[in-house]
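Report on the structure
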Amino acid sequence: MSLPTPTLHTARLQLRPFTSADADALFALHSNAYVLRYWDAPPWTERARAERFIATCRQMAEDGSGARLAMDRSSDGAFLGWCGLTRYNPDYRSASLGYCLTEAAWGHGYATEAAGDLLRWGFESLDLNRVQAEADTRNAASARVLEKLGFVREGTLREDCVVNGEVSDSWVYGLIKREWCPTSEPVLGH
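First things first, this report covers the structure right here in the doc.

What to know about unusual backbone geometry
Residue Arg87 is not a glycine yet carries a positive backbone phi of 50 degrees. By the element assignment, Arg87 lies in strand 4 (residues 79-89). The class for Arg87 is exposed, based on a relative accessible area of 58%. Residue Asp127 is not a glycine yet carries a positive backbone phi of 55 degrees. One can find Asp127 in the loop between helix 3 (110-125) and strand 6 (130-136).

Listed below in structure tokens is the structure:
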């Protein structure tokens, strides 16, 4: 069962399917060690990883397992990162939220804005009941984003990641549809 990747518009952002033209910007994002310091994998060292990521996004849409969207600033078209709902399970009506933004995009509310619109799409179009997210316990900014969106910290996965020999813990967050409070009306693209 396919899951067509939507195009969504917020007040300041366009969320859209990835294209091959995004590979350079995606590689720049995921090869930045500072941006990925709390990530569950090391920074990319070869551009081919970006091409594989884009292919995986297409495959998720084809097999119905999720949707990852490139995030552009509407005012100038600048690539700011991505957000996605993955591990979509229509039987359990659940999915996992993830996002990654360029360092220049931090602190402007873009992650909250993009993820909020993606959650709206998930709850309303996919009829999700639960969305889960994880954040490294050292990543206070990501924890704030999730809490602004209404996620509840449900527990800690102790020493669940080892990246480049460094062991880290993750917080698990959950958001249930009946507890979700949409903040604005979406504008769907064509």
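Picking up after the structure, the text goes on.
Description of the packing of aromatic side chains
When we look at a pair of aromatic rings, we describe it by the centre distance and by the angle of the planes. The full count for this structure, using the stated rule, is seven aromatic pairs. Centroid distance Phe18 to Phe79: 6.5 Å. Interplanar angle 55 degrees. Geometry classified as tilted. Taken as a pair, Phe18 in the loop between strand 2 (13-17) and helix 1 (23-30) and Phe79 in strand 4 lie far apart in primary sequence, 61 residues in all. For the residue pair Phe18 and Phe79, the accessibility class agrees, reading buried in each case. When the ring of Tyr34 is compared with that of Trp106, the centres are 5.7 Å apart and the planes differ by 40 degrees; the resulting orientation is tilted. You can see Tyr34 sitting in the loop between helix 1 and helix 2 (48-63) and its partner Trp106 sitting in the loop between strand 5 (94-101) and helix 3, a full 72 residues away along the chain.

Brief notes about the pattern of salt bridges
Here the structure, examined in full by the defined rule, presents 16 salt bridges. Two residues, Glu51 and Arg47, come together in a salt bridge whose shortest N-O distance is 2.2 Å.

Some points on the side chain of Glu113
For Glu113, the position within the fold is in helix 3. Classification of Glu113 by relative accessible area gives buried; the value is 18%. Side-chain polar atoms of Glu113 contact the side chain of Thr10, separated by 2.4 Å. Dropping the residues within four chain positions of it, Glu113 is found in contact with Thr10, Ala11, Arg12 and Leu13.

Remarks on the pairing of strand 8 (residues 166-176)
Of all 11 residues making up strand 8, eight are buried, and the element is well covered by its neighbours. Examined bridge by bridge, strand 6 and strand 8 share seven bridges and lie antiparallel to one another. By the bridge assignment, Ala133 is partnered in strand 8 with Tyr173. Sheet topology note: the strand 7 (residues 152-163)/strand 8 ladder contains eight bridges and is antiparallel. When the sheet's bridge partners are listed, Cys161 is paired in strand 8 with Ser168.

Things to note about the nonpolar core
Membership of the largest hydrophobic core comes to 38 residues, with the highest contact counts inside it found for Met71, Leu97 and Phe151. Every element with two or more residues in this core is listed here: strand 2, strand 3 (67-73), strand 4, strand 5, helix 3, strand 6, helix 4 (140-148) and strand 8. For this core, the element with the most residues is helix 3, which contributes eight residues. In contact with Phe151, not counting residues within four places along its chain, are Leu97, Leu119, Val131, Gln132, Ala133, Leu146, Tyr173, Gly174 and Leu175.

Cut-offs and rules
- Position numbers for residues start from 1 in each chain and track the written sequence from start to end.
- Given that this is a predicted model, residues contribute local features only at a pLDDT of at least 70 and side-chain atom pairs are listed and counted only at 80 or more, while totals for whole chains, interfaces and linings are drawn from all residues.
- Hydrogens and water molecules were not included; the side-chain quantities draw on all heavy atoms of the structure.
- What counts as a helix is a DSSP run of H or I of at least four residues, what counts as a strand is a run of E of at least two, and both are numbered from the N terminus.
- When accessible area is computed with a 1.4 Å probe and restricted to protein chains, residues below 20% of their type maximum are described as buried, those above 50% as exposed, and intermediate ones as partly exposed.
- Pairing of aromatic side chains requires ring centres within 6.5 Å, counting the rings of Phe and Tyr and the six-membered ring of Trp. Pairs whose planes differ by under 30 degrees are stacked, by over 60 edge-to-face, and all others tilted.
- For salt bridges, the criterion is a side-chain nitrogen of Lys or Arg within 4 Å of an Asp or Glu carboxyl oxygen.
- For this analysis, a polar contact is any N or O atom pair within 3.5 Å, provided that within protein one partner can donate a hydrogen and the other can accept it, and provided that sequence-adjacent residues contribute only side-chain to side-chain pairs.
- Two residues qualify as a contact provided that any one of their heavy atoms is within 4.5 Å of a heavy atom in the partner residue.
- The pairing criterion for strands is at least two bridges between them, as found by DSSP.
- Among buried residues, those of type Ala, Val, Leu, Ile, Met, Phe, Trp, Tyr and Cys that are joined through side-chain atoms within 4.5 Å constitute a nonpolar core.

By themselves, these figures tell us nothing about what the structure is for.
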